Amino acid sequence: MAFLGLGSRSQQPNRLGTIQVGTSEYGVAIPIGWGRFKAPIKLLDFADFSSQEVTQGGKGGGGNFDYEYYAAVDALICHGPIDTFGDVYDGGGASSLVGATEEFTIPSGGGTYQVTNGGYGDDAFYYDEGVTYAKDYSLTANDFGSDGSVTVTGNQPAPMAYTGGSPSALQYTHSNTGLYTFAAADEGKTVSITYAYTTADLSNINTGPGTNSPLSPLQRYAITAILGSDAGTPWGYMVSKYPTRALAYAGIARLVCSSMDLGTGATVPSLSVEVINGRGKAFGSGVADCDPAVVIADFLTDAKAGCNWPYLGDLTVLSNFYVANNLFVSPFLDSARKALSFLQEICDLTNAAPVWSGSQLKIIPYGDTSATANGRTFTPPTQPVYEIDESEFLCEPGKNALEIPDTDLADNYNRVTWQFSAANDNYNTQIIHEQDEASILTNTLLPMKTVNAEMYRVQLYAAIAMNMMLRRQSVALRKYQFKLPWYYQLLEPMDIIVANLTTGNLGATPMRIVSVEEDEDDELAIIAEDFLYGVAGGVQYPKGATGGNQPGAHDLPGATQLLAAFQPNTRLTGGSDQLWLALTGGTSWGGCRVWLSKDGNSYAEIAKQYGSSRAGVLTNALAAGSDPDTTNTASISTSGTLSSGSQADADAFATLALIGSELISYETATLTGSTATTNNYDLGTYLRRGIFAGNSQAHSAGEVFVRLDDAITKYSVDPVLQGQVIYLKFTSWNLYGNEEQDLANVQAYPINLGASASTATNVTVRSFANSGGTTATVAVYKSGGALTDGGTGTLANGASVTLPAQSWATEALGTWYGINFNPATSAYVIYTDRNAWLADQLTMLAIGSTTTPASGATALLPDDYDDVGSQPTTNPQGAWLSGQTAGISGSAFTAPLYDVDGGSESNASINYYGWAGTTTAAKTLSLTAAFTAVGGAGYMPITYTLDGSTWSTLVAQTSTTASASYSASVPSGTDLSNVVVSISAFSATPAAGHTSSARITVSNLQIA
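Residues numbered from 1 in each chain as written. Predicted model: local features only at pLDDT ≥ 70, side-chain atom pairs only at ≥ 80, totals over all residues. Heavy atoms only, no water.

Enquirer: What is the right way to read the overall build of the protein from this model?
Expert: Per the secondary structure count, the protein includes 9 helices and 62 strands. Taken over 1008 residues, the protein has a buried fraction of 49%. A separation threshold of at least 6 residues defines the contact pool for the protein, and within that pool the share at least 24 residues apart is 72%. Carbon and sulfur atoms form 49% of the exposed surface of the protein, whose accessible area is close to 43300 Å². (Helix = DSSP H or I, 4+ residues; strand = E, 2+ residues; numbered from the N terminus. Buried < 20%, exposed > 50% of the residue type's maximum accessible area, 1.4 Å probe, protein only. Contact = heavy atoms within 4.5 Å. Areas by Shrake-Rupley, 256 points an atom, 1.4 Å probe, with all protein chains shown as cover.)

If you want it as C-alpha cells, here you go:
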C-alpha cells in the first residue's frame, strides 16, 4: 500500500501491439485529381511499430501514465505525377504556405530576378506557380446574332513557358532559391512571377530574424513526399530495412514518415494534404487550376490513370473557350464512379455538351460570344451550317410539319446557387448565388436546387460559370420538333441552323439542334431550340472584372469604392427599410465584407459582396424629361454588360438603375462600343424617369450610373438606427478571395440613416483653365446665370436653401472635383475623393462634379456661356472678372438670332476681355468663325481694341461662310488688360409674315 500515491500507479493501461485500423478494404479505387485539391492520407504499409511510456501528471509527483505510439508509415494520396504537396491539414487547423506575386522588367540582354521571399533569412522559395507577360491583343468579333462587328484592343497576361535549360523567347527558368532567369529576346517585357514560399518555424527558437530555419508544412510533420512518377519510387527507408516490401508503387503519389506519431490510440492521424499540379495538368502562369479540356483529355485517353479510350475528337475550340473565359477547375475523384457521369458533370459545370459524331466524341461549348484572355482567343462555332425552308419539313399524315410545344416557365430557373470548395479557405465549402431580377419580377422566384460545383476552387471561376448557367436557365427557349429528309444527315446536335418559318409568321429563326434521330426510312427527327445571341455568352463575373486580364492570385485588392449609398422607396423593398450599397474596386478587386458600427469604434460584419456592382458614368448630358421619356437617351460607359428589356420590363422597374440621385428604368440597351474594360450603351427608346420621386432631373456627363440588380448589397436596417449616423467599412479581397484587407486600415464612411437625398435645383458646376496654364477655376453659380449669381436647393426635410456663387481659382488641371453644400455650416465642401463626396451626400446637399481641362494654355468657357444670343449688348456684367482669361480654345459657341413677322432688325453682341499681363514679344489674336443667315442677308461684324479706346475691324461678314480663320497682330508691350473683342450678329429684316435668322459660330479665340 502506498502513502499519498508514492510508489504506485493509479492506472495501468494495456499496451497495444500494432496500429489500430478502423476499416480494411481491398480493391478500392485510387484517388485521382487534376490541378490543386485537398486529399486525405490512406495507409498503404507500415513498419517498426513502437511505444513509449509517457506520464500524464498527478499529485505528489505521481500520476497517470499512458503509451505514445510510433511507426514508419507509407501513405497513399492519389494518382501521380504531381509537382509537390502544399498545405497540411489536421484536426487543429492547417499548416500553410504563403503565396506572392512580384513584377520584374527584363533588362537588355535578358536578366535574372531573385524573388523577395527566396532562399535567405527566415523564408524560403518553395515552388513556382508560373510567369506571365503583358501581351497586346486586338480582337475583331462579328459573332452570329450580334449587332455587328466590334473590335476590342488592350493587353492581357499571357503565359511564359518553363524550361529546365537556358531560356529562349517567351521562356524562363528558376533555381530552387527563387532566382528566375529570362532570355535576351524578351528584353523590355514586364513579367509577373507567382510563387509560394515557406516561413520560419519560430515555435522553439527565439534567436531573432534571419537565423531561424524555414520549414515547409511537410517538414513540420517530418513527412517526405514521393511525387508519383510513372516508374515509381521505392521508399529508401523500406529499401534499407525491409527490401522485399519496398514497392515502387508506379504512378502513385505518396507521403512517407519514418517515425509518425500515432498518439495514444495507435492510429494514423487524420491528416489531409494539398496536392499541387495534380497529374501535371495545371494551366500555370499563376493559375493553379486546369483547363477543363485538358482534364477531359487526360481522363478519357490516359492508358494508366484514365479510360484508355481512343475516340476523343479535337478539343482545340473547347480549350480556347475555357481559357478565354477564365473557366478553370481542379476535380478530385476519391471513389469509383462511372466515366460518363463524370464527363457529363464537367460539361454541365462548364457550359458545354458532349456530342457523338461518326466515330468520335466531340465536346461543343454553348458559348456564343467571342472572348480573349490568358493569351487565347475564342471564336464561337455558331455560324449556321444550313438555311432551311419550312417547306422542306416532312409531314406525317394527320400531323403538322412543325410542332412548337408550349414552354413551361416553371422549368426556367431564375436563381442559381452553387457550392464550391475554396482553396483560399482551406478547401471549405462556400455558397454563392446569382439571380435574374427581371425574370423574378415577371415570373416570381424560381430557384434551382443547389448545384455541387466542388471542382471549382476559386470564386471568380465558379461565378463566371454559374452566370453562364443562369443565363441559359432563366431564358424561356422555344423548342421546335420537325422532320428533315435524309440529305440533311450531316446535321449534329449543337449545330446552328436558320429555319425560314411560315408557322406563326416567325420568319428566319436561328436554332440550335438539340437532338437528331434517324428512323428506318432515313428520315431525321429533329428537336431544336431557339438560338438567342448572348444567352450562352461568357460574362467576366464578378460584374466589372476585365474580360482580358487574369490578375495574380496574390495581387492586393485595393480599396473598395462606394459608388452609391441610399435608402430606396419601400415599394422596392417589400415594405422594409433597407440601405442599398453599390460597391466596386480596381482590376484585382473581387469583393468585400461590409462592417457596421454605431459609434465608429466597434464594428460587426453585416454583409458580403462578391463581385462588382455594374456601374460606370453618364457620358452625355441628360435633360430632365417626362415620365415615360421617349425623347432623351442616356449614354453610359459601364463595367459588365447590360441587356435590353421590354416596355413592360421598364414599367415594372425590372431594369432599375441609378443616375446621380435619380432612379430610372429602361427598355433598350444598345451597345455602341467596347474597350478592354468597359462597354458603352445608349439607354433609350423608352425611359421611366424620376421613379417614386415625382419628377426627373437634368444630369451632366460624368455622373455615376449604377444598375440596381443583385450585384448590389442590400441591408435591412434595424428601426432603432433610423435617424442616426452609422459608420461603414469595407475590407476588400482580390479576385481569388485572397489578401483581404485589415479592418483597422480601411476608411470609415458615415451614413445618416433616414435622410433622403437633398438636391440642388437651380445651380451648376463648371470648370475652366486660368491664364498661364498652371491652374484651373471651379465655379458654382446659378444655372443660366453669371458666375456671380447664386442658386437654390432643397434639403431632405423639404426646406429651401440659398446657394451662393463661389469659385475656387487655384485647382489642379485635368482633375476630378466634386462639391457638396453643408447646411450645418452654410459652406461648400470640395472633394477629389469620389467615395467621400458620395458618402457625404446623405448628410449634405449634392451640388455636382466637374473635371478641369487637362491643358490650360488657354481657357475654356463654361457651357452656360456658349449661347451668346442671350447676352446683353454691353459687357456681360459679372460674367468675366478682371484677371480671368476670356479666351476659348477647342470649345465652340454659337449665337442664334431670330426675328418674326417683319419686325426690326434683330441683333446681339458680346464683348470678351479679361486677359492679363503685358506682352514681351509680338503675339497674334486669332479666332475661327462660321456665319449663316436665313430669310435675308445677315451681318457679322467682329471688332477689337488693343488699348481700350481705338477699335479695329477683324471681319465684317455679310454672306454665308462655312468656316474661316481671322487674325490680327498684338505688338510687344501691349497691356492685355485693355484688350476687348466684340462679336456681333444681325439677322435681316424679314418680309411680313416671315421669319429671318442668323447664326454665328466662333471657336479657338485666343492670344498666342
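Resuming the write-up.
Enquirer: I'm lost on the sheet that holds strand E35 (residues 589–597) in this one. Help?
Expert: The pairing of strands in a sheet happens through backbone hydrogen bonds and is either parallel or antiparallel. Pairing in this open sheet of 4 strands is antiparallel, and the strands run E36-E35-E44-E45 from one edge to the other. Strands at the two margins of the open sheet, each flanked by one partner only, are strand E36 (604–610) and strand E45 (749–752). The sheet shows a mean angle of 30° between the axes of neighbouring strands, taken without regard to direction. Bridge analysis of E35 against E36 gives 6 bridges, and the strand direction is antiparallel. The residue bridging Trp595 from the neighbouring strand is Glu605, located in E36. (Pairing = 2+ DSSP bridges. Axes fitted to C-alpha atoms, helices over the stretch in contact; angles between N-to-C directions.)

Enquirer: Before we go on, may I ask you to explain helix H5 (residues 339–349) in this structure?
Expert: Each α-helix winds once per 3.6 residues, and so residues spaced three or four apart point in a common direction. Of the positions making up H5, those classed as buried are Phe342, Leu343, Ile346, Cys347 and Leu349. Looking one or two places after H5, you find Asn351, whose phi comes out positive at around 65°.

Enquirer: Is there a simple way to think about the confidence of the model for the protein in this case?
Expert: Any region with low pLDDT has predicted coordinates that should not be read closely. Overall, the prediction assigns the protein a mean pLDDT of 80, with 81% of residues at 70 or greater. With pLDDT under 50 throughout, residues 58–62 is counted as low confidence; its partners more than four residues away or in other chains account for 3 contacts. Note on residues 540–550: pLDDT under 50 across the span, and 56 contacts to partners over four residues away in sequence or across chains. (pLDDT = per-residue confidence, 0-100.)

Enquirer: I'm lost on unusual backbone geometry in this one. Help?
Expert: Most of the time, phi is negative for any residue but glycine, and the peptide bond is trans. For the bond from Gly80 to Pro81, the omega torsion is 0°, close enough to zero to count as cis. Cis peptide bonds are those with omega within 30 degrees of zero, and the linkage from Asp627 to Pro628 qualifies with 0°. In this model, Asp48 sits at a positive phi of 55°, which is unusual for a non-glycine residue. Secondary-structure assignment places Asp48 in strand E3 (residues 42–57). With a phi close to 65°, Asn351 is a non-glycine residue in the positive phi region. Residue position: Asn351 is located in the loop between H5 and strand E20 (352–357).

Enquirer: Help me out: how do you make sense of the packing of helix H3 (residues 292–301) against helix H4 (residues 316–324) in this one?
Expert: Helix-helix packing is characterised by the crossing angle of the two axes and by the distance between the axes. As a packed pair, H3 and H4 sit with axes 8 Å apart at the nearest point and diverge in direction by 140°. Compared by their axis directions, H3 and H4 come out oblique. In this structure, H3 uses Pro292, Ala293 and Ile296 to contact H4, whose residues at the interface are Leu318, Ser319 and Tyr322. (Parallel < 35°, antiparallel > 145°, perpendicular 65-115°, else oblique.)

Enquirer: What am I meant to see in the environment of Leu925 here?
Expert: Looking at where Leu925 falls in the secondary structure, it is placed in strand E57 (residues 923–934). Since its relative accessible area comes to 1%, Leu925 is described here as buried. Put simply, Leu925 and Ile1007 are 82 residues apart on the chain and 4.5 Å apart in space, counted from C-alpha to C-alpha. Residues within four places of Leu925 in sequence aside, it is in contact with Tyr944, Tyr966, Ser967, Ala968, Val970, Val981, Leu1005, Gln1006 and Ile1007.

Enquirer: For this particular structure, what's the right way to read the pattern of salt bridges?
Expert: As a working rule, side chains carrying opposite charge can pair if their charged atoms are close by. Applying the stated criterion across every chain, the model contains 24 salt bridges. Between Arg478 and Asp530 there is a salt bridge, with the nearest N and O atoms lying 3.1 Å from each other. Residue Arg478 is located in the loop between helix H7 (459–473) and strand E29 (479–484), and its partner Asp530 is located in strand E32 (residues 524–530); the two are separated by 52 residues in the primary sequence. Taking the relative accessible area as the measure of exposure, Arg478 reaches 32% and is therefore partly exposed. Take Asp530: its relative accessible area is 8%, and that puts it in the buried class. Note that Asp709 and Arg614 form a salt bridge whose closest N and O atoms lie 2.6 Å from each other. Here Arg614 lies in the loop between E36 and strand E37 (615–618) and Asp709 lies in the loop between strand E42 (704–707) and strand E43 (713–716), a separation of 95 residues in the sequence. (Salt bridge = Lys/Arg side-chain N within 4 Å of Asp/Glu carboxyl O.)

Enquirer: Which parts of the structure should I look at to understand the pairing of strand E12 (residues 171–174)?
Expert: Along a regular strand, successive side chains alternate from one face of the sheet to the other. Alignment of strand E11 (residues 161–162) against E12, held across 2 bridges, turns out to be parallel. Its bridge partner being in E12, Tyr162 is matched across the sheet by Tyr172. Two elements, E12 and strand E13 (residues 179–182), share 3 bridges in a ladder whose sense is antiparallel. The residue of E13 that forms the bridge with His174 is Tyr180. Connecting the antiparallel pair E12 and E13 is a turn made up of 4 residues, with Gly178 showing a positive phi of about 85°.

Enquirer: Which parts of the structure should I look at to understand the sheet that holds strand E39 (residues 657–659)?
Expert: What the 6 strands build is a closed barrel, ordered E37-E38-E41-E40-E39-E42; its pairing is antiparallel. Sheet twist, expressed as the mean angle between neighbouring strand axes with direction ignored, is 40°. Examined bridge by bridge, E37 and strand E38 (residues 634–638) share 3 bridges and lie antiparallel to one another. Bridge pairing in E38 places Gly616 opposite Thr638.

Enquirer: Hey, could you run me through the packing of H3 against H5 in this one?
Expert: Put simply, H3 and H5 touch, their axes get as near as 11 Å, and they point 170° apart. When the axis of H3 is compared with that of H5, the two are roughly antiparallel. Residues Pro292, Val295, Ile296, Phe299 and Leu300 of H3 lie in contact with H5, whose contacting residues are Ala339, Phe342, Leu343 and Ile346. Here the residues of the contact of H3 with H5 are counted per class, giving 9 nonpolar, no polar and no charged. (Nonpolar A, V, L, I, M, F, W, Y, C, P; charged D, E, K, R; others polar.)

Enquirer: Whenever I open this one, the nonpolar core confuses me. Can you help?
Expert: One broad rule of soluble globular proteins: the nonpolar side chains tend to lie buried together. Membership of the largest hydrophobic core comes to 55 residues, with the highest contact counts inside it found for Ile296, Trp418 and Tyr456. By residue number, the principal contributor to this core is H7, which donates 10 residues. Residues contacting Ile296, with those up to four places away along its chain left out, are Leu312, Leu315, Leu318, Tyr322, Leu343, Ile346 and Ile363. Ile41, Tyr69, Ile77 and Val273 belong to the second largest nonpolar core, which has 27 residues in total. (Core = buried A, V, L, I, M, F, W, Y, C linked by side-chain atoms within 4.5 Å.)

Enquirer: What's the story with the environment of Gly278 in this structure? I'm lost.
Expert: With respect to the helices, strands and loops of the structure, Gly278 is situated in strand E18 (residues 272–278). Residue contacts for Gly278: discarding those within four places in its chain leaves Gly33, Trp34, Gly35, Phe37, Pro81 and Ile82.

Enquirer: So what exactly am I meant to see when it comes to the environment of Asp627 here?
Expert: When you line up the elements, Asp627 lands in the loop between E37 and E38. Judged by relative accessible area, Asp627 falls into the partly exposed class, the value being 39%. Taking the C-alpha atoms as reference points, Asp627 and Gly690, 63 residues apart in sequence, are found 7.4 Å from one another. Beyond its immediate stretch of four places on either side in the chain, Asp627 contacts Leu687, Arg688 and Arg689. Reaching out from Asp627, the side chain makes a polar contact with the side chain of Arg688 at a distance of 2.7 Å. (Polar contact = N/O pair within 3.5 Å; in protein donor to acceptor, adjacent residues only side chain to side chain.)

Enquirer: Explain the side chain of Asn822 to me, please; I cannot follow it from the model alone.
Expert: Within the secondary structure, Asn822 sits in strand E52 (residues 816–822). Given the relative accessible area of 16%, Asn822 is considered buried. Excluding residues within four positions of it along the chain, Asn822 makes contact with Ala827, Val829 and Met844.

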